[in-house]
Amino acid sequence: MSDASKAGTFRLGDRTVNRMGYGAMQLAGPGVFGPPKDPKAALAVLREALALGVNHIDTSDFYGPHVTNQLIREALHPYADNLTLVTKVGASRGDDASWNPALSPAELTQAVHDNLRNLGLDVLDVVNLRAWGTMHAPGEESIEQAFTTLAELQRQGLIRHLGLSNVSAAQVKEAQGIAEVICVQNHYNLSHRRDEPLIAELGKQGIAYVPFFPLGGFTPLQSDALASVAQRLKASQLKVALAWLLQRAPNILLIPGTSSVAHLRENLTASVLKIAPGLLAELDAVA
Ligand SMILES: NC(=O)c1ccc[n+]([C@@H]2O[C@H](COP(=O)([O-])OP(=O)(O)OC[C@H]3O[C@@H](n4cnc5c(N)ncnc54)[C@H](OP(=O)(O)O)[C@@H]3O)[C@@H](O)[C@H]2O)c1
């Protein structure tokens, strides 16, 4: 059995995906702004991910911009039947690499068409609406207009399933009044735990929770407890951080990001790292 399939599966809309997936953002290049330093290395990471059983890849057309999706298309098109590509819309990039909200109906519609073109698809598997309370934390603004726009594009047949990113529990409820939500992608990891009530609530509803920055993002996770547990498990700290997420809740799906084949291989082996209850309790206490 491949590494990515060893952590079990989860139902994502009409697809079944391995709980261990891959986040493609790091492929775009430094600052998530293209071009990548080594495009061939980026293609190799994507192909190795598939070879090791990854069947859930997270992306966006605003990574690069366009670069990550174009790499995915070059490396993997025509896509395997069991591959689920999850993209997100709601942001644009400035010429200075800045990240800007892009949530008007015209911008969202354009973004869906950009994703279709750059990924080489007629229908997108899953599109997350990326909300913008702040850069990495949700606010309480209404997302009704934006989510209604995506629901209309779904009715037109351009999107199979809808999800949300960077949202509060109230925004999830608001969106569910408009269309079905199959996944939520928010900031969560060993030392950033604000979403625990939301993860539990989504779990009761059978909705996937997909943490972004599972390894700490641009600032890798660091904690004495994590270092100590990792030493006793004879594993790297980041691998332990991923295994902890897998054991935290059954509706958590992982999309760790890397631009390195070696890191990819190491991260996928977290699928088989079992952390015993005593050590889990030490990690639970980190936050
Ligand atoms: N919805 C949102 O707003 C949002 C925001 C951020 C990210 N995301 C998604 O979430 C995914 C994951 O987030 P992320 O990539 O930002 O952060 P992450 O997975 O927490 O961490 C990625 C960082 O860790 C490094 N890394 C990965 N594996 C490693 C290993 N085994 N040893 C040492 N360093 C390692 C990577 O560098 P190397 O490249 O050198 O391995 C990179 O700098 C992204 O790919 C993206 O798809 C979504």
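Structure: above.
About the criteria used
For every chain, the first residue of the written sequence is number 1, and numbering continues from 1 onward in sequence order. The predicted origin of the model limits local features to residues at a pLDDT of at least 70 and limits the giving and counting of side-chain atom pairs to 80 or more, whereas totals for whole chains, interfaces and linings rest on all residues. We count a residue as near a molecule or strand when its backbone-placed C-beta atom lies within 6 Å of that partner. Comment: elements are numbered from the N terminus, with helices defined as DSSP H or I runs of at least four residues and strands as E runs of at least two. Ten residue types, Ala, Val, Leu, Ile, Met, Phe, Trp, Tyr, Cys and Pro, are classed as nonpolar, four, Asp, Glu, Lys and Arg, as charged, and the remainder, Gly among them, as polar. When DSSP locates at least two bridges between a pair of strands, those strands are taken to pair. In this description, a line fitted to the C-alpha atoms serves as the axis of each element, helices being fitted only across the stretch in contact, and the angle between N-to-C directions of two axes falls anywhere from 0 to 180 degrees. Should an angle fall under 35 degrees it is taken as roughly parallel, and over 145 as roughly antiparallel, whereas 65 to 115 is taken as roughly perpendicular and any remaining angle as oblique. Whether a crossing is left-handed or right-handed is set by the direction in which the near helix is turned from the far one by less than a right angle, anticlockwise for left-handed and clockwise for right-handed. By definition, residues are in contact whenever their C-beta atoms, placed on the basis of the backbone, come within 7 Å of each other. Between the buried cut of 20 or more and the exposed cut of 12 or fewer other C-beta atoms within 10 Å of a residue's own C-beta lies the partly exposed class, and all C-beta atoms are placed from the backbone. Picture the helix axis, draw a direction to every C-beta atom, and the arc is the one those directions span. The term nonpolar core refers to a set of buried Ala, Val, Leu, Ile, Met, Phe, Trp, Tyr and Cys residues connected through C-beta atoms within 7 Å.

Visitor: Can you walk me through the site of the ligand in this structure?
Guide: The environment of the ligand is formed by 27 residues, the closest being G23, M25, L215, G257 and T258. For the shell around the ligand, the leading source of residues is helix α9 (residues 261-268), giving three residues. Grouping the constituent residues of the shell around the ligand by class yields ten nonpolar, 13 polar and four charged.

Visitor: Explanation requested: the pairing of strand β2 (residues 15-18) in the structure shown.
Guide: Here is the key point about a regular strand: its side chains alternate between the two faces of the sheet. Relative to β2, strand β1 (residues 9-12) runs antiparallel, the two being bridged by four bridges. Residue pairing for β2: F10 is matched across the bridge by V17. The loop that links β1 with its antiparallel partner β2 comprises two residues; one of these, G13, has a positive phi angle of about 65 degrees.

Visitor: Would you take a moment to explain the packing of helix α3 (residues 105-119) against helix α4 (residues 144-155) for this structure?
Guide: At a minimum axis distance of 9 Å, the contact between α3 and α4 shows a crossing angle of 40 degrees. It follows that α3 is oblique to α4 by the angle criterion. The chirality of how α3 crosses α4 is right-handed. Mapping the contact onto sequence places P105, L108, T109 and V112 in α3 and Q145, A146, T149, L150 and L153 in α4. Considered class by class, the residues forming the contact of α3 with α4 number six nonpolar, three polar and no charged.

Visitor: Before we go on, may I ask you to explain helix α7 (residues 224-233) in this structure?
Guide: Of all the residues in α7, the buried ones are L226, V229 and A230. One side of α7 carries all its buried residues, which in axial view fall inside an arc of 100 degrees. With respect to the buried face of α7, the exposed residues turned more than 90 degrees away are D224, A227, Q231 and R232. Looking at the buried residues of α7, the elements they touch are α8 (237-248) and α10 (277-284). In the segment just after α7, K234 is the residue with positive phi, at about 55 degrees.

Visitor: What's the story with the nonpolar core in this structure? I'm lost.
Guide: Among soluble globular proteins, nonpolar side chains are generally buried collectively. Counting residues in hydrophobic clusters, the biggest one holds 80 residues, and the most contacted among them are L150, V184, A208 and A241. Among all residues touching L150, those that are not within four sequence positions of it are L108, V127, L129, I159 and L162.

Visitor: Would you explain unusual backbone geometry in this entry?
Guide: Residues apart from glycine generally show negative phi values, whereas peptide bonds are mostly found in trans. In this model, G34 is joined to P35 through a cis peptide bond whose omega is 0 degrees. In this structure, P35 sits in the loop between β3 (22-23) and α1 (39-51). Residue G64 is joined to P65 through a cis peptide bond whose omega torsion reads -15 degrees. Along the chain, the position of P65 falls in the loop between β4 (56-58) and α2 (67-76). Here V32, not a glycine, exhibits a phi torsion of approximately 55 degrees, which is positive. For V32, a count of 21 C-beta atoms within 10 Å puts it in the buried group. One non-glycine residue, N166, adopts positive backbone phi at about 60 degrees. Here N166 shows up in the loop between β9 (159-165) and α5 (169-176). N166 gets classed as buried once you count the C-beta atoms within 10 Å, which come to 25.

Visitor: So what exactly am I meant to see when it comes to the pairing of strand β8 (residues 124-130) here?
Guide: Taking burial as the measure, the seven residues of β8 include seven buried ones, the bulk of the element. Sheet topology note: the strand β5 (residues 84-89)/β8 ladder contains four bridges and is parallel. In the sheet register, V89 faces β8, and the bridge partner there is L129. Summarising the sheet, β8 and β9 pair through six bridges and their orientation is parallel. By the bridge assignment for β9, N128 is matched with G163.

Visitor: Quick question: what am I supposed to make of the packing of α7 against α8 here?
Guide: Packed helices, taken two at a time, are described by the angle their axes make and the gap between the axes. Two elements in contact, α7 and α8, have axes whose closest approach is 9 Å; the angle formed by their N-to-C orientations is 95 degrees. When the interaxial angle is binned, α7 and α8 end up roughly perpendicular. Contacts between α7 and α8 pair L226, A227, V229, A230 and L233 from the former with Q237, V240 and A241 from the latter. Across the contact of α7 with α8, the residue classes tally to seven nonpolar, one polar and no charged.

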